[in-house]
Amino acid sequence: MRCLLDLPLRRKLLVLVMASSTLALLLAAGSFSVYEWFILRDTARRDVQTQAEILAANVSAAVEFGDADHARRILRVLQMRPQFDLACVFDENRRLLAGYTNEFNPEPVRWLNPIPQGVQSEAGHLVVFQPVMHDNHVAGTLYLRSEFSPIRARFGQYLGLAMLVLLACWWIAFGLAARLQRIVSQPILELARTARDVTERKDYSLRAVSQSHDEVGLLIEGFNEMLTQIQARDVALQKTQDDLERRVTERTSQLQDEIVQRRRIEAALADEKERLAVTLRSIGDAVVATDREGCIVLFNPVAEQLTGWGAAEAATRPLPEVLQLFHDKTRQPCENPVTRVLASGGPVEPSEGTLLVSRDGTQRLIASSSAPIRDRAGQIIGVVLVFRDVTEKERTTQELLKASKLESIGLLAGGIAHDFNNILTAILGNISLARLIAQPQDELAEALLHAEKAAARAGDLTRQLLTFSKGGSPMKQSASLAEIIKETTAFVLHGSNVGLQLELATDLWPASIDVGQISQVIHNLVLNGIQAMPKGGTLDVRAANVSIPEHHGTVLRPGRYISITIQDTGTGIAPEHCQRIFDPYFTTKKQGSGLGLATTYSIIRKHEGNITVQSELGRGTTFQIHLPASSTPTVAPAEPPPEPLAGQGRILIMDDEEPIRSLVIRMLQPLGYEVKAAADGAEALRIYEEARAAHQPISVVILDLTVPGGMGGLEALQRLRALDPHLKAIVSSGYSEDPVMAHHREHGFDAMVTKPYRLQEFTHTLQEVLKQVKV
């Protein structure tokens, strides 16, 4: 160090610059190397983890079904990635299902000791054990290993490049340092010579010559200025004193003017503050302002209402203490809006999905935005937060989303159920015919009766699927919900260990409903309550009259409704499942189909009602239904159909299914009817015209509503009516997607029969139409 102090200034500059440059370059090269090493290692880890997750997802089905060949084909994909030298797939019993090794690694495939979840280093390799998931359970294990040598080779290349760059930078620094020491030292030596001459001669008129405008040049100019000031110090002091007295006089006058102006500003600020307070009270959104430290300085009445804090109580408190914000999905606390605004320096975009918990524990979904408050100089002096309650808006959006999902899946369900109904029609009709042929006391007759009942239940299943479709319109009638609730709950709870607490209003309004569908809704919800209470409990079922006013904030239209509440004391539903319980095929039960609650939701929506759910784990679940009330009296339930009726007349059946046409002929001809059949509307028109021309008119036409690729029943009816306005027509369908079945008379039909046909109901409908007198 002593040797360095004795060196000339130019040498000191050269040594210091080179030493600092060398140290900085070494640190930079070292940091770059360490950084690249960690980047390469982390990249390799993510690559191994990602590849393991992809392979685990692809082999899940093969592991679940024990398909070793399929698993091996999937593992061969690793041939494209030579760094992966070993992969193994084991089933849930730790037996090897399939393995893969590349051509550079002949290591045999065997079971290895599992490592903790995640990527680990092992003997120059990166290895990972990845669980293979199938239907939310672990079906097996995937072992994947990657060589570490490519990473080391790439790191060596980076290290060599860093050393070359270091050497080049060192030579550049040396050249710049040599040039710098000459530029810096020469003016300083010139200044030193001038100072020595001034001291020796006592001549203050001498001046050092400045050759640049850098710091050394400024130093020379300052030295010259110092000499000038020494000569003129007395004159300057006097001039300064005179100038100071003048300034004091001027400033005194200015202060008097400023006092007057300040009073005017304070009055204007008071008026502005009053206008601001009136504006804030009138705004429909909550407004909160804070200072830079995040303490509240302004709180409008809407904010008081939503948070439960008064403005006086909230003042000076930290914002998170008053405004408790959580993420709606994760229920984790949100970042302080003040912190976000100060970090960004600008407005924060409006956020959705934020949960506000008020002082009394009430939870509300809010949409909020925040922005900085700046003074005239542009400095941030605080933050303003504006938010509004969007709970009802979000609830309405979710209801519309559910309806959209059910509408999509309904298109598929409607088509499948319609075709199945056609097949079931032939089965059930032939069973009815066989019952007529069999002896009443014969065992065959009893077996056919059981088969007929089973086929009828299959028809109920197709109607449950058709509930999803746009059609499947409920066949509404005015009915007593009290009777439906009593009968259905008694039937479902019979033999269970669940008690019933029933509260039905004595003056309960009648409802315009499809009795079968609403009975199915009550059945599904009561059954869910029983399954939620395996150790027993109490099911609380209530029904009451309610009126929904205008602007109620729900998806229901204003009017009269019957409210049905079904509450259990069971295990409850997890919060993350509550949003999905009405989705088709979503279920948490091992034996569930996922159609019960989806069917329930679809039925209620088609009745122009609404269903909601509230649940808490360990404390039970509450379903609430609203159904529109009816202004007409209730309709007595229909009596069961008697035996088939014989009759006379010419019947024309139009159906695109040949087995159904054949079935109707064999059903009606033995009872005395003459039956003709057509495959579509065009053929039905031709047969009808030929019968009229032969003076053998058709008595009744039975028209299938839907004929793929041909003329359907509705179009055929319109053309037949043009030929014969007094035509008697029956519409036939398997609960079609067209509302014609629910309102057949409005579309020109005299009656309707649903598929699958039952002989007793079919013949009685036919007799009723034949007896009608057409005007």
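Below is a summary of the structure that appears in this document. (Residues numbered from 1 in each chain as written. Predicted model: local features only at pLDDT ≥ 70, side-chain atom pairs only at ≥ 80, totals over all residues. Heavy atoms only, no water.)

Some points on the overall build of the protein chain
Here is the rule: Numbering of helices and strands runs from the N terminus, with a helix taken as a DSSP run of H or I at least four residues long and a strand as a DSSP run of E at least two residues long. In this scheme, a residue with accessible area under 20% of its type's maximum is buried, one over 50% is exposed, and one in between is partly exposed, where area comes from a 1.4 Å probe on protein chains only. In this analysis, two residues are considered to be in contact whenever any of their non-hydrogen atoms come within 4.5 Å of each other. Only the protein chains shown count as cover for residues, and all accessible areas are computed by the Shrake-Rupley method using a 1.4 Å probe.
Across its full length, the protein chain carries 21 helices and 23 strands. Relative to its 775 residues, the protein chain shows a buried fraction of 39%. For the protein chain, long-range pairs separated by at least 24 residues make up 64% of all intrachain contacts whose partners lie at least 6 apart in sequence. For the protein chain, the computed accessible surface area is about 44,100 Å², with 55% contributed by carbon and sulfur atoms.

What about the sheet that holds strand 2 (residues 96-101)?
Which entries qualify depends on this criterion: The rule for pairing is simple: two strands pair if DSSP sees at least two bridges between them. Under this scheme, a helix contributes an axis fitted over its contacting stretch, all axes are lines through C-alpha atoms, and angles between N-to-C directions fall in the 0 to 180 degree range.
One open sheet holds the five strands; their spatial order is 2-1-5-4-3, and the pairing between them is antiparallel. Sheet topology places strand 2 and strand 3 (119-122) at the edges, where each strand pairs with a single neighbour. Put simply, the sheet's adjacent strands are angled 20° from each other on average, direction ignored. Two elements, strand 1 (residues 84-91) and strand 5 (residues 137-147), share seven bridges in a ladder whose sense is antiparallel. Within strand 5, the position partnered with Leu86 by the bridge is Arg145. Sitting on the sheet, helix 4 (residues 68-75) touches strand 1, strand 2 and strand 5, and the angle it makes with strand 2 is about 25°.

Thoughts on a nonpolar patch on the surface
The criterion, for reference: For patch detection, residues must exceed 30% relative accessible area and be free of salt bridges, and they are connected within 9 Å for like charges or within 5 Å for nonpolar side chains (Val, Leu, Ile, Met, Phe, Trp, Tyr). A carboxyl oxygen of Asp or Glu within 4 Å of a side-chain nitrogen of Lys or Arg is what we treat as a salt bridge.
Taken together, the side chains of Leu167, Trp171 and Phe174 present a nonpolar region at the surface, about 340 Å² in accessible area. Residue position: Phe174 is located in helix 5 (residues 149-201). With relative accessibility at 36%, the residue Phe174 sits in the partly exposed group.

A few points about the pattern of salt bridges
A complete count under the given rule lists 17 salt bridges for this structure. Here Asp47 makes a salt bridge to Arg81, at a shortest N to O gap of 2.3 Å. You can see Asp47 sitting in helix 2 (residues 9-58) and its partner Arg81 sitting in the loop between helix 4 and strand 1, a full 34 residues away along the chain. On the basis of relative accessible area, Asp47 is assigned to the partly exposed category, the value being 26%. With a relative accessible area of 25%, Arg81 lands in the partly exposed category. Where Asp243 meets Arg246, a salt bridge forms, and the shortest distance between an N and an O atom there is 2.2 Å.

A short note on the packing of helix 19 (residues 681-693) against helix 20 (residues 713-723)
Worth spelling out the cut-off: The labels follow the angle: roughly parallel below 35 degrees, roughly antiparallel above 145, roughly perpendicular from 65 to 115, and oblique for the rest. Here is the rule for handedness: rotate from the far helix to the near one, and if that takes an anticlockwise turn smaller than a right angle the crossing is left-handed, while a clockwise turn gives right-handed. Gly is placed with the polar residues, together with every amino acid not listed as nonpolar (Ala, Val, Leu, Ile, Met, Phe, Trp, Tyr, Cys and Pro) or charged (Asp, Glu, Lys and Arg).
Orientation of helix 19 relative to helix 20, taken along the N-to-C sense of each, is 20°, at an axis distance of 10 Å. Judged by the inter-axis angle, helix 19 sits roughly parallel to helix 20. Classified by chirality, the crossing of helix 20 by helix 19 is right-handed. Seen from helix 19, the contacting residues are Gly681, Leu685, Tyr688, Glu689 and Arg692; seen from helix 20, they are Ala716, Arg719, Leu720 and Leu723. Among the residues forming the contact of helix 19 with helix 20, the class breakdown is five nonpolar, one polar and three charged.

Here's the deal with helix 4
Where we set the bar: By definition, the arc is the one covered by directions from the helix axis to the C-beta atoms. Contacts described as polar in this section are N or O atom pairs within 3.5 Å, which, within protein, must combine one atom able to donate a hydrogen with one able to accept it, while residues neighboring in sequence count only if both atoms come from side chains.
For helix 4, the complete set of buried residues consists of Ala68, Ala71, Ile74 and Leu75. Viewed along the axis of helix 4, the buried residues span an arc of 120°, placing them on a single side of the element. Sitting at the amino-terminal end of helix 4 is Asp67, which places a side-chain oxygen 3.4 Å from the backbone nitrogen of Asp69.

A few points about the sheet that holds strand 20 (residues 674-678)
If you trace the five strands from one edge of the open sheet to the other, you get 20-19-21-22-23, paired in parallel fashion. The outermost strands of the open sheet, each flanked by one partner alone, are strand 20 and strand 23 (751-754). In this sheet, adjacent strand axes meet at a mean angle of 20° when their direction is disregarded. Bridge analysis of strand 22 (residues 729-733) against strand 23 gives four bridges, and the strand direction is parallel. Paired with Ser733 across the bridge in strand 23 is Thr754. Lying on the sheet, helix 18 (residues 658-668) is in contact with strand 19 (650-654) and strand 20; it crosses strand 20 at an angle near 175°. Contacts from helix 19 reach strand 19, strand 20 and strand 21 (700-704) within the one sheet, and its direction differs from that of strand 20 by about 140°.

Brief notes about helix 19
Going by this rule: Helix span, as expected, comes to 1.5 Å for every residue beyond the first.
A rise of 1.5 Å per residue sets the reference length of helix 19, with its 13 residues, at 18 Å; its end C-alpha atoms lie 18 Å apart and thus fit the reference within 8%. For helix 19, the secondary structure elements touched by its buried residues are strand 19, strand 20, strand 21 and helix 20. His695 sits one or two positions beyond helix 19 and adopts a positive phi of about 60°.

With respect to the environment of Arg317
Looking at where Arg317 falls in the secondary structure, it is placed in the loop between helix 9 (311-314) and helix 10 (319-322). The sequence separation of Arg317 and Ile296 amounts to 21 residues, and the corresponding C-alpha distance is 5.7 Å. Excluding its chain neighbours within four sequence positions, the residues that come into contact with Arg317 are Gly294, Cys295, Ile296, Trp309 and Val322.

Here we look at the pairing of strand 17 (residues 610-616)
Alignment of strand 17 against strand 18 (residues 620-628), held across seven bridges, turns out to be antiparallel. In the sheet register, Glu616 faces strand 18, and the bridge partner there is Gly620. The antiparallel hairpin formed by strand 17 and strand 18 contains three residues in its connecting segment, where Gly618 sits at a positive phi of about 85°.

Some thoughts on the pairing of strand 11 (residues 380-389)
Looking down a regular strand, the side chains alternate between one sheet face and the other. As judged from the six bridges shared by strand 6 (residues 286-291) and strand 11, these two strands associate in the antiparallel manner. Among the inter-strand pairings, Thr290 is bridged to a residue of strand 11, identified as Val383. Examined bridge by bridge, strand 10 (residues 363-374) and strand 11 share nine bridges and lie antiparallel to one another. The partner of Ser368 across the bridge, within strand 11, is Phe387.

Just geometry here; none of it tells us what the structure is for.
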